[in-house]
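Read off the chains here:
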Amino acid sequence: MITTMSFMVWKFLPRPKLQPHSLVWDDITFTSALIIQFDFLGKDSIRYEKTVEVELPVYKAIEQFRVGKNGGDDLFDKLDTSKLNAHLKELMPSLTAKVFRTYNASITLDEMLNKETKEGDAAQKIVVYQHANKEVAIICNHQRSISKSHAAQMTRLTEKIDELKDVLNGLKTDLARAKKGKPPLKDADGKKRNLTPEALERKISQTNAKIEKMERDKDVKEDLKTVALGTSKINYLDPRISVAWCKRHEVPIEKIFNKSLLAKFAWAMDVPPDFRF
């Protein structure tokens, strides 16, 4: 029983579901051979829902734990967190279930950043970091409810993007007219935009950049609306991964860590750029 729970915490449970908040019969469904579905309320009543494929010995062990039980009966009724951690410490000093979570979170961040970071500006690289941070938060089941202001914020962003697209269309029209020697059209205020073709091209480029940034911000906000990034960054991720990544890819560390985290992780700031977890 203790070996099975150790494996589950290592592989896919964000934390051991043991007494007094145990994994019960109803929390697990066997969907097909070697496929198990977990669905329960975890810490802070956050729902944990995950379907995993397990090795045959684990599958058979969990099947055996379910025999003679039903409904709200504890599957791991002979095990609690203190016994699990005592067992882990026998394997390695200071080893606990949280160490598994810290390792899984950190190795996931390190591998995703190394794999997915491409050439681009700092803003594009920060999106890659946020995506990797999101995957870590999912592993740790760090969810949050959707903010009441989320819909209004998304609407405002959409409106601002639409306004910029209207400006862009006007600039493109003026550029086309300017190249033909025609005067510019009047803007919404009845004023003419007397700009040279070169100035119009610069304005078009700047406006395109603003639209791209706002669309990227909108996509990120929507993608992260139910995920809490901060918890894993504060408690589970090795900060040296983030610092080294920032150094390798010329991303200001202030874009990843706020002032509080910069102070908390001051010890990690001297890590070399080639550090890998």
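The notes below deal with the structure included here. For every chain, the first residue of the written sequence is number 1, and numbering continues from 1 along that sequence. Predicted model: local features are reported for residues with pLDDT of at least 70 only, side-chain atom pairs are reported and counted for 80 or more only, and whole-chain, interface and lining totals are derived from all residues. For side-chain calculations, the full set of non-hydrogen atoms in the structure is used, while hydrogens and water are omitted.

Time to look at the nonpolar core. To define a nonpolar core, start from buried Ala, Val, Leu, Ile, Met, Phe, Trp, Tyr and Cys residues and group those joined through side-chain atoms within 4.5 Å. Burial status follows relative accessibility: with a 1.4 Å probe on protein chains alone, a residue under 20% of its type maximum counts as buried, one over 50% as exposed, and anything between as partly exposed. Core analysis: the largest hydrophobic core is formed by 26 residues, its most contacted members being Leu109, Leu113, Tyr129, Trp245, Ile256 and Phe257. For this core, the secondary-structure elements that each account for two or more residues are helix 4 (97-116), helix 5 (122-139) and helix 9 (239-249). With residues up to four places along the chain from it excluded, the contact list for Trp245 reads Leu113, Thr117, Lys125, Ile126, Tyr129, Val251 and Ile256. If you look at the next biggest cluster of nonpolar residues, it comprises 25 residues, including Met8, Leu23, Ile28 and Phe38. Under the scheme used here, helices are H or I runs from DSSP no shorter than 4 residues and strands are E runs no shorter than 2 residues, and both carry numbers assigned from the N terminus. Contacts between residues were defined by any pair of non-hydrogen atoms, one from each residue, lying within 4.5 Å.

Turning next to the pattern of salt bridges. Just to be clear on terms, a salt bridge is a Lys or Arg side-chain nitrogen sitting within 4 Å of an Asp or Glu carboxyl oxygen. Applying the stated criterion across every chain yields a total of 7 salt bridges. Across the pair Glu201 and Lys179 runs a salt bridge, and its minimum N-O distance is 3.9 Å. Here the residue Glu201 occupies a position in helix 7 (residues 197-223), and Lys179 occupies one in helix 6 (residues 150-179), the gap between them amounting to 22 residues. On the basis of relative accessible area, Lys179 is assigned to the exposed category, the value being 58%. Among the salt bridges present, the one from Lys213 reaches Asp217, with a minimum N-O distance of 2.8 Å. One end of the pair, Lys213, and the other, Asp217, are both in helix 7, 4 residues apart, so they sit about a helical turn from each other. For Asp217, a relative accessible area of 33% corresponds to the partly exposed category.

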